[in-house]
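Chains, contacts and geometry: an overview
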Amino acid sequence: MEYLFEHRKESVVNRIFPDHFYPLMKRVILMTCPTVAIVSGHAYAGGMCLAMAHDFRVMLDGGGIKMCMNEISLGSPIPKGIVEILKCKFKCHTELHDALLMPVSFNAKMALEHGIVNRLGKNENELVQAAKEIIEVHKNNCGTSYSLIKTTIYSEAIKELESKEDIPINALFKSLL
């Protein structure tokens, strides 16, 4: 870790988010067809971010599965682009505040109540079936207009993700020292 801090500008690790994760998030957000994330295990930090980038989410109900933005507990900042995505996904500012600063760990029932997920399933088959049903309902929405509308909705998030904001690696891995 000390080497990474000393050679931060040269470090490949330092560029993982802006060079790989942000483009992935942007690509998911701007898909020309509706997307569904299946949350079948814990989705913390980047896992929750990736799930939230999808249009719809289905989550396993049982097994203590949770979703959480736990960066505050790790002493890590959250990139602006990620916060902009989450602003569009949470019902109100208070829920966003609690998710980012408390942080709240959402079990399946809480996630459904708060609109973080759209459906629950008791096993993998039910999750896949729920995802297929969502896609079936929305399959005719595919196309350029779908992507353009999403571009408008997520314009601030896209702008921030494209800026390739660089979070210092020592801030991301502070809790590991």
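For the structure itself, look to the data block above.
Residues numbered from 1 in each chain as written. Predicted model: local features only at pLDDT ≥ 70, side-chain atom pairs only at ≥ 80, totals over all residues. Heavy atoms only, no water.

Observations concerning the overall build of the chain
Rules: The numbering of helices and of strands both runs from the N terminus, where a helix is a DSSP run of H or I of at least 4 residues and a strand a run of E of at least 2. Categorising residues by exposure relies on relative accessible area from a 1.4 Å probe, with only protein chains included: less than 20% of the type maximum marks a residue as buried, more than 50% marks it as exposed, and the intermediate range marks it as partly exposed. Contacts between residues were defined by any pair of non-hydrogen atoms, one from each residue, lying within 4.5 Å. Per-residue and other accessible areas were derived by the Shrake-Rupley procedure at a 1.4 Å probe size, with only the shown protein chains allowed to occlude residues.
Helix and strand counts for the chain stand at 11 helices and six strands. Scored against the burial criterion, the 177 residues of the chain give a buried share of 39%. Of the contacts formed within the chain by residues at least 6 apart in sequence, a portion of 72% connects residues at least 24 apart. In the structure as shown, the chain presents an accessible area of about 9600 Å², 57% of it carried by carbon and sulfur atoms.

Quick word on the packing of helix α3 (residues 46-53) against helix α5 (residues 80-89)
Helix packing for two helices is described by the angle between their axes and how far apart those axes are. Put simply, the rule is: Simply put, an axis is a line fit to the C-alpha atoms, just over the touching stretch for a helix, and the angle between two N-to-C directions goes from 0 to 180 degrees. Just so you know how the angles are binned, under 35 degrees is roughly parallel, over 145 roughly antiparallel, 65 to 115 roughly perpendicular, and the rest oblique. A crossing counts as left-handed when the near helix is turned anticlockwise from the far one by less than a right angle, and as right-handed when that turn is clockwise. Asp, Glu, Lys and Arg are counted as charged, while Ala, Val, Leu, Ile, Met, Phe, Trp, Tyr, Cys and Pro are counted as nonpolar; the rest, among them Gly, fall into the polar class.
Contact geometry for α3 and α5: axes closest at 10 Å, N-to-C directions at 55°. The angle between α3 and α5 falls in the class oblique. The chirality of how α3 crosses α5 is left-handed. Along its contact with α3, which presents C49, M52 and A53, the element α5 presents I82, I85, L86 and K89. In the contact of α3 with α5, the residues fall into six nonpolar, no polar and one charged.

Re the packing of aromatic side chains
Each pair of aromatic rings is reported with the distance of its centres and the angle of its planes. What counts is decided by this rule: Aromatic pairing here means that ring centres of Phe, Tyr or Trp (its six-membered ring) are within 6.5 Å. Orientation follows from the plane angle: under 30 degrees is stacked, over 60 is edge-to-face, and everything else is tilted.
Going through the model one piece at a time under the given rule, you end up with three aromatic pairs. With centroids separated by 5.8 Å and ring planes inclined at 75°, the aromatic side chains of F17 and F21 adopt a geometry described as edge-to-face. Of this pair, F17 and F21 both sit in helix α2 (residues 16-29), separated by four residues, roughly a single helical turn. On the accessibility criterion, F21 (16% relative accessible area) is buried. With a centroid separation of 6.3 Å and 55° between ring planes, the pair formed by F17 and Y22 is classed as tilted. Linked through ring pairs, F17, F21 and Y22 together constitute an aromatic cluster.

Notes on the state of the cysteines
Cysteine pairs can be linked by a disulfide, which is a covalent bond between their two sulfur atoms. Heads up, the condition is: Cysteine sulfur atoms are paired as a disulfide whenever they come within 2.5 Å of each other.
Using the criterion set out here, one finds one disulfide in the structure. Shown here is the disulfide that connects C33 with C142, its sulfur atoms set 2.2 Å apart. Judged by the sign of its S-S torsion, about 130°, the cystine formed by C33 and C142 is right-handed. Pair noted here: C33 is in the loop between α2 and β1 (36-39) and C142 is in the loop between α8 (124-138) and α9 (144-153), with a separation of 109 residues, a long-range link.

Quick notes on the pattern of salt bridges
Basically, it comes down to this: Salt bridge, as applied in this entry: a Lys or Arg side-chain nitrogen positioned within 4 Å of an Asp or Glu carboxyl oxygen.
Here the structure, examined in full by the defined rule, presents eight salt bridges. The residue D55 makes a salt bridge to K150 at a minimum N-O spacing of 3.0 Å. With a gap of 95 residues between them, D55 in the loop between α3 and β3 (56-60) and K150 in helix α9 connect regions that are remote in the sequence. Just as D55 is buried, K150 falls in that class too. Across the salt bridge formed by K87 and E84, the nearest N and O atoms sit 3.1 Å from each other. With K87 and E84 both in helix α5 and three residues apart, the pair spans about one turn of that helix. Given a relative accessible area of 46%, K87 falls into the partly exposed group. Judged by its relative accessible area of 18%, E84 falls in the buried class. Each of the salt bridges in this network shares a partner with another, and the network as a whole consists of D61, K109 and K122.

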